[in-house]
Amino acid sequence: MKEKILVTGGTGYIGSHTVVELQNSGYEVVIIDNLSNSNADVVDNIEKVSGVRPIFEKLDCLDMEGLENLFRKHTDIKAIIHFAASKAVGESVEKPLLYYRNNLVSLINLLELMPKYGVKGMVFSSSCTVYGQPDELPVTENAPVKKAESPYGNTKQINEEIIRDTVASGAPIQAILLRYFNPIGAHPSTLLGELPNGVPQNLIPYLTQTAIGIREKLSVFGDDYDTPDGSCIRDFINVVDLAKAHVIAIERILWDKQKEPVEVFNIGTGKGLSVLELIHAFESATGVKLNYQIVGRRAGDIEKVWADPEYANNELGWKAGSTLEDTLKSAWNWQLKLCERGIQ
Ligand code: WQD
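Residues numbered from 1 in each chain as written. Predicted model: local features only at pLDDT ≥ 70, side-chain atom pairs only at ≥ 80, totals over all residues. Heavy atoms only, no water.

In the vicinity of the ligand there are 18 residues, among which S127, L203, S219, R234 and D301 approach most closely. With respect to the ligand, the side chain of N202 contributes an N or O atom lying 2.9 Å from an oxygen atom. Separating an oxygen atom of the ligand from a side-chain N or O atom of R234 is a distance of 2.7 Å. For the ligand, the accessible surface in isolation is 690 Å², of which the surrounding protein chains cover 92%. Among the elements that take part in the shell around the ligand, strand 8 (residues 218-221) stands out by supplying 4 residues, more than any other. Of the residues assigned to the shell around the ligand, the class counts are 8 nonpolar, 6 polar and 4 charged. (Near = heavy atom within 4 Å. Polar contact = N/O pair within 3.5 Å; in protein donor to acceptor, adjacent residues only side chain to side chain. Areas by Shrake-Rupley, 256 points an atom, 1.4 Å probe, with all protein chains shown as cover. Helix = DSSP H or I, 4+ residues; strand = E, 2+ residues; numbered from the N terminus. Nonpolar A, V, L, I, M, F, W, Y, C, P; charged D, E, K, R; others polar.)

Listed below in structure tokens is the structure:
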């Protein structure tokens, strides 16, 4: 077994897929999660997929004493992948203080403990949200960080600065910031996928719930944008491709391959797709007709963003390889499986 890696938020959507990829690469994984937006049976499903049961402790990253006890117990944790955060754009507008406390203090707690317990580095789950509406597309890592459109996006920007300032202060740690675009799809085993609590905020879970009849109709938030078909454009990336990027980033830290103590990478496909194009791609990939309507714009949405992934492709040797068709089929198969298991 290779080094022990701590994955915070490891029972979540991206976290669980990343744990499987870490285990497939031979790493020992400790998951901590407060289960506020996921459930513990994800640990069973991770074991079914990878054949290895990760260590799991129900723990909130806001609990400094609990975190310290974890590091005292697992003194051989070599690196951290930090996913644990609140992530709903709309909710962050209604409850900004919850987002600032949870997303900032969780990170601060981990950064404080890392040097004390010999943890070498962190892969941080950041987001293309930090770019706001880029002036140039595709967007590169050198694009300016713009004023965030939501408290959620602002916490990602502030988190990146907290990490940079901590490393610059001489703390003996290093970091890789992965700026995700829009993660979609599910594990081909249909044992792992996106499990939003309540009414989905994100496009794909709402779309598949509409396709299966849980939701009556998908609302497309605006078709009057300055795009070819008027709907917003995003860079939809397969969640397993995204998970694999985390393993490469962890190994870049462990094997001292970083060129700077803090590095940033765009993790996207490099292809922009509009909401309406995605809907039609889903219909042709699955043969399922989707009931949707065009409604007004959603506050906080940016018009169009897609990655220039060249730096990640060349420097990390990572590339998003899944096809859109396979990715949409995986999302649909996951929704069918949830329905089979009686989970809405
Ligand atoms: C995508 C597009 C909507 C729902 C945010 C965060 C990002 C990441 C993913 C956490 C937009 C449209 C959506 C619907 C719609 N966060 N849409 N009808 O806002 O691009 O990204 O979530 O991991 O960091 O910024 O994702 O899926 O909500 O929206 O028309 O019912 O789909 O307007 O254009 P978003 P999204």
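Now for the sheet that holds strand 11 (residues 262-267). Ordered by their spatial adjacency, 7 strands build an open sheet running 3-2-1-4-5-6-11, and the pairing between neighbours is parallel. With one partner strand each, in any of the chains shown, strand 3 (55-58) and strand 11 form the two edges of the open sheet. Within this sheet the neighbouring strands show an average axis-to-axis angle of 20°, counted without direction. With 5 bridges joining them, strand 1 (residues 4-8) and strand 2 (residues 28-33) adopt parallel strand pairing. Counted as the bridge partner of L6 is V30 from strand 2. (Pairing = 2+ DSSP bridges. Axes fitted to C-alpha atoms, helices over the stretch in contact; angles between N-to-C directions.)

Take the packing of helix 7 (residues 203-212) against helix 9 (residues 275-286) next. Two numbers describe how helix 7 lies on helix 9: the axes approach to 12 Å, and their chain directions differ by 40°. Relative to helix 9, the element helix 7 is oriented oblique. Our pair here, helix 7 against helix 9, has a crossing hand that is right-handed. Where helix 7 approaches helix 9, its residues L203, I204, L207, T208 and A211 are matched on the opposing element by V275, L278, I279 and F282. Looking at the contact of helix 7 with helix 9 residue by residue, the class counts come to 8 nonpolar, 1 polar and no charged. (Parallel < 35°, antiparallel > 145°, perpendicular 65-115°, else oblique. Left-handed = near helix turned anticlockwise from the far one by under 90°. Contact = heavy atoms within 4.5 Å.)

What follows deals with the environment of Q201. Here Q201 is to be found in the loop between strand 7 (182-184) and helix 7. Residue classification places Q201 among the partly exposed residues on the basis of a relative accessible area of 45%. A C-alpha to C-alpha distance of 8.2 Å links Q201 and V89, two positions 112 residues apart in sequence. What Q201 contacts, discounting residues up to four positions off in sequence, is A88 and R298. (Buried < 20%, exposed > 50% of the residue type's maximum accessible area, 1.4 Å probe, protein only.)

Next up on the list: the packing of helix 3 (residues 64-73) against helix 5 (residues 96-116). For the pair helix 3 and helix 5, the least separation of the axes is 10 Å and the interaxial angle reads 30°. The angle between helix 3 and helix 5 falls in the class roughly parallel. Between helix 3 and helix 5 lies a crossing whose hand is right-handed. Of the residues in helix 5, those touching helix 3 at M64, L67, E68 and F71 are N109, L110, E112, L113 and K116.

Attention now goes to the layout of surface pockets. The computed volume of the second largest pocket comes to approximately 250 Å³. Lining the second largest pocket are 19 residues, and of these F236, T269, K271, S322 and L324 sit closest to its centre. Of all the secondary structure elements, the ones that give two or more residues to the lining of the second largest pocket are strand 10 (236-238) and helix 11 (324-340). Among the elements that make up the lining of the second largest pocket, the one with the highest residue count is strand 10 (3 residues). Classifying every residue of the lining of the second largest pocket by side-chain character gives 7 nonpolar, 9 polar and 3 charged. (1 Å grid on protein atoms, 1.4 Å probe; cavity = no way out; pocket = protein on both sides within 12 Å on 5 of 7 lines; lining within 4 Å. Points joined across faces, edges and corners; volume = space filled by probe spheres on them.)

One way to see where empty space is left: roll a probe the size of a water molecule over the atoms. Following the criterion strictly, the structure yields 1 cavity of 30 Å³ or more and no others. In this structure, the largest cavity encloses a volume near 110 Å³. Lining the largest cavity are 13 residues, and of these E194, P205, T208, W334 and Q335 lie nearest its centre. Among the elements of the structure, helix 7 and helix 11 are those that each provide at least two residues to the lining of the largest cavity. Within the lining of the largest cavity, the residues separate by chemical class into 7 nonpolar, 5 polar and 1 charged.

This part takes up helix 1 (residues 13-24). Residues that lie three or four places apart on an α-helix share one face, since the helix turns once every 3.6 residues. Between its first and last C-alpha atoms helix 1 spans 17 Å; for 12 residues at 1.5 Å apiece the expected length is 16 Å, and the two agree. The buried fraction of helix 1 amounts to 11 of the 12 residues, a majority that puts the element mostly inside the structure. For helix 1, the complete set of buried residues consists of Y13, I14, G15, S16, H17, T18, V19, V20, E21, L22 and Q23. Looking one or two places after helix 1, you find G26, whose phi comes out positive at around 95°. (Expected span 1.5 Å × (residues − 1).)

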